[in-house]
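# Survey of secondary and tertiary structure
One letter stands for each residue in the lines below.
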Amino acid sequence: MLLNIVYIIVGVALVLWGADRLTEGASSLARGMRVPEIVIGLTIVAAGTSAPELFVSLVSALKGTSDLAVGNVIGSNIFNTMLIVGCSALVAPMVVSKTTVKKDIPFAVVASFMLFALCFDDMDSPHLWGNDISRSDGIILLAGFLVFMIYTFRAAKNDGLMPTPEELDENSELPKDYSKLWRNLAFIALGLACLIIGSNLFVDAASYVAHRYGVRQSVIGLTIVAGGTSLPELATSVVAAYKGRSSIAIGNVIGSNVFNILLILGTTAVVHPMRIMGITIVDLMMMLVSVGILWLFAYTKYAVSRREGALLVLGFLAYMAWLLYLL
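What counts, and at which threshold
Residues numbered from 1 in each chain as written. Predicted model: local features only at pLDDT ≥ 70, side-chain atom pairs only at ≥ 80, totals over all residues. Heavy atoms only, no water. Helix = DSSP H or I, 4+ residues; strand = E, 2+ residues; numbered from the N terminus. Buried < 20%, exposed > 50% of the residue type's maximum accessible area, 1.4 Å probe, protein only. Contact = heavy atoms within 4.5 Å. Areas by Shrake-Rupley, 256 points an atom, 1.4 Å probe, with all protein chains shown as cover. Expected span 1.5 Å × (residues − 1). Bend = angle between axes of the 7 residues up to and from the residue. Core = buried A, V, L, I, M, F, W, Y, C linked by side-chain atoms within 4.5 Å. Patch = residues over 30% accessible without salt bridge, like charges linked within 9 Å, V, L, I, M, F, W, Y side chains within 5 Å. Salt bridge = Lys/Arg side-chain N within 4 Å of Asp/Glu carboxyl O. Axes fitted to C-alpha atoms, helices over the stretch in contact; angles between N-to-C directions. Parallel < 35°, antiparallel > 145°, perpendicular 65-115°, else oblique. Left-handed = near helix turned anticlockwise from the far one by under 90°. Nonpolar A, V, L, I, M, F, W, Y, C, P; charged D, E, K, R; others polar. pLDDT = per-residue confidence, 0-100. Polar contact = N/O pair within 3.5 Å; in protein donor to acceptor, adjacent residues only side chain to side chain. Phe/Tyr/Trp six-rings, centres within 6.5 Å; stacked < 30°, edge-to-face > 60°.

### Observations concerning the overall build of the chain
- Secondary structure assignment for the chain yields 14 helices and 4 strands.
- Residues classed as buried in the chain amount to 54% of the 327 residues present.
- Sequence-distant contacts, at least 24 apart, represent 86% of the contacts inside the chain between residues at least 6 apart.
- Of the roughly 14200 Å² of accessible surface on the chain, 68% is carried by carbon and sulfur atoms.

So, in structure tokens, the structure goes:
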């Protein structure tokens, strides 16, 4: 037991340090390549911080614990939109661009509805027993992910955020930035490695402790595993918000939510179809409501204030209290 507690502490330390390296590398890469930070946050950072969810969900499905895999994604998205955005906003109010409010967040809402539709089976039952996410469902999710990636880069190009080849050639300072390219990539790779290793240490140790007390797989997926695999998003977004990089912070959350549903569950379902055993309609509704609340807060003043951040954190704590009540 003591060794697992040490693993938890080491895992958290690695995640925090890795998040700092990843944020620095991604920000420098965005400036050097003249790519807007919101695009970096929606793609590179989101993909990297979603790697623990991909690993945990895929291994869980292959081992026959698909409720842990699905619960991991649903729980991670709730963690992202409520706890991570809430904590980031408490550290520093988060400015949200109009493009993010009108285009990026709605895509996360659509992805959440897609998962809800694929999981939903019986309106009269609080559990989704017997339903599954098949290989054909996985292909649909992966097709949605491809649309998201194409949309993200085309939207940036149409909004004039992406530089043209002529602009890159005319920028005399660009070669100086490109000389730092390998260092930035090394920071990103090192940060991602620490995030993945640290998260895995945390999840393995925390799951072992939970099993000792007889906690169900679905609850473990929605809480401990989801929280552990969301540590990269939490650390990255809070550090980015503290450093004034709110575009990376909010882009990381939205991108991670989309990656979790479309890429991770899509890939996992194609490799191994998942039968839903312990996820409830309340869990799915919480996922939908949380991203809806984030959209509402961001839409009002194109920012998430400290007060709104506090409300998100309180909502998350209430949901956690409800899960603990069911134990």
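Moving on, there is more to tell.
### A word on helix H4 (residues 66–91)
- Here H4 spans 36 Å end to end across 26 residues, near enough to the 38 Å set by a 1.5 Å rise per residue.
- Along H4, the largest kink reaches about 35° and is centred on Asn80.
- Across the 26 residues of H4, 23 count as buried, placing the element largely inside the fold.

### Some words on helix H5 (residues 98–119)
- Taking 1.5 Å as the rise per residue, H5 with 22 residues should run 32 Å; its terminal C-alpha atoms sit 31 Å apart, in good agreement.
- The principal kink in H5, of about 25°, is found at Asp104, preceding the proline Pro106 by one to four residues.

### Side note on the nonpolar core
- Residues Ile74 and Ile133 are the most contacted members of the largest nonpolar core, which totals 62 residues.
- Only H4, H5, helix H6 (135–158), helix H10 (217–229), helix H12 (246–271), helix H13 (281–301) and helix H14 (306–326) provide two or more residues apiece to this core.
- Per element, the largest residue contribution to this core is 12 residues, and it comes from H12.
- If we ignore the near neighbours within four places in the chain, the residues touching Ile74 are Leu115, Leu222, Ile279, Asp283, Leu284 and Met287.

### Looking at a nonpolar patch on the surface
- Judged by side-chain polarity, Met1, Leu2, Leu3, Ile5, Val6, Tyr7, Ile9, Val10, Tyr208 and Tyr213 come together as a nonpolar surface patch covering roughly 1000 Å² of accessible area.
- The element that contributes the greatest number of residues to the nonpolar patch is helix H1 (residues 2–32), accounting for 7 residues.
- Of note, Tyr208 is situated in helix H9 (residues 181–212).

### Here's the deal with the packing of H5 against H12
- Contact geometry of H5 with H12 gives a least axis separation of 10 Å together with a crossing angle of 30°. By the angle between their directions, the pair H5 and H12 is classed as roughly parallel. Handedness of the crossing formed by H5 with H12: left-handed. Counted together, Thr100, Asp104, Ile105, Phe107, Ala108, Ala111, Ser112, Met114 and Leu115 of H5 and Ile250, Ile254, Val258, Ile261, Leu262 and Leu265 of H12 form the full contact between these two elements.
- In terms of residue class, the contact of H5 with H12 is built from 12 nonpolar, 2 polar and 1 charged.

### Some points on the packing of H5 against H13
- It is the contact of H5 with H13, at a shortest axis distance of 10 Å, that shows an interaxial angle of 170°. If you check the angle between H5 and H13, you find them roughly antiparallel. Within the contact between the two elements, H5 uses Val101, Ile105, Pro106, Ala108, Val109, Ser112, Phe113, Leu115, Phe116 and Cys119 and H13 uses Leu284, Met285, Met287, Leu288, Val291, Trp295, Ala298 and Tyr299.

### What to know about unusual backbone geometry
- Phi angles above zero are rare outside glycine, and Tyr302 is one such case at about 55°.
- A relative accessible area of 23% means that Tyr302 is categorised as partly exposed.

### Some details on the confidence of the model for the chain
- Mean pLDDT for the chain: 79, with 82% of residues reaching 70 or above.
- Scored below 50 in pLDDT, residues 121–130 makes 21 contacts in the model with residues more than four places away or belonging to other chains.
- Long-range and interchain partners of residues 171–175, a stretch whose pLDDT sits below 50, account for 4 contacts in this model, where long-range means more than four residues apart.

### With respect to the side chain of Thr81
- With respect to the secondary-structure elements, Thr81 resides in helix H4.
- By relative accessible area, Thr81 is classed as buried at 0%.
- Within the structure, Thr81 has its side chain in polar contact with the backbone oxygen of Asn77 (distance 3.0 Å).
- For Thr81, the contacting residues outside a window of four places in its chain are Val253, Asn257, Ser290, Val291, Leu294 and Leu312.

### Quick word on the packing of aromatic side chains
- Counted by the stated rule, this structure contains 6 aromatic pairs.
- Their ring planes at 75° and their centres at 4.6 Å tell us that Phe79 and Phe316 sit as a pair that is edge-to-face. Here Phe316 lies in helix H14 and Phe79 lies in helix H4, a separation of 237 residues in the sequence. Like Phe79, the residue Phe316 is buried in the burial classification.
- Aromatic side chains Phe107 and Tyr151 sit 5.5 Å apart centroid to centroid with 25° between the ring planes, which places their arrangement in the stacked category. Here Tyr151 lies in helix H6 and Phe107 lies in helix H5, a separation of 44 residues in the sequence.
- Feature note: the residues Phe107, Phe148 and Tyr151 constitute an aromatic cluster, connected by ring pairs.

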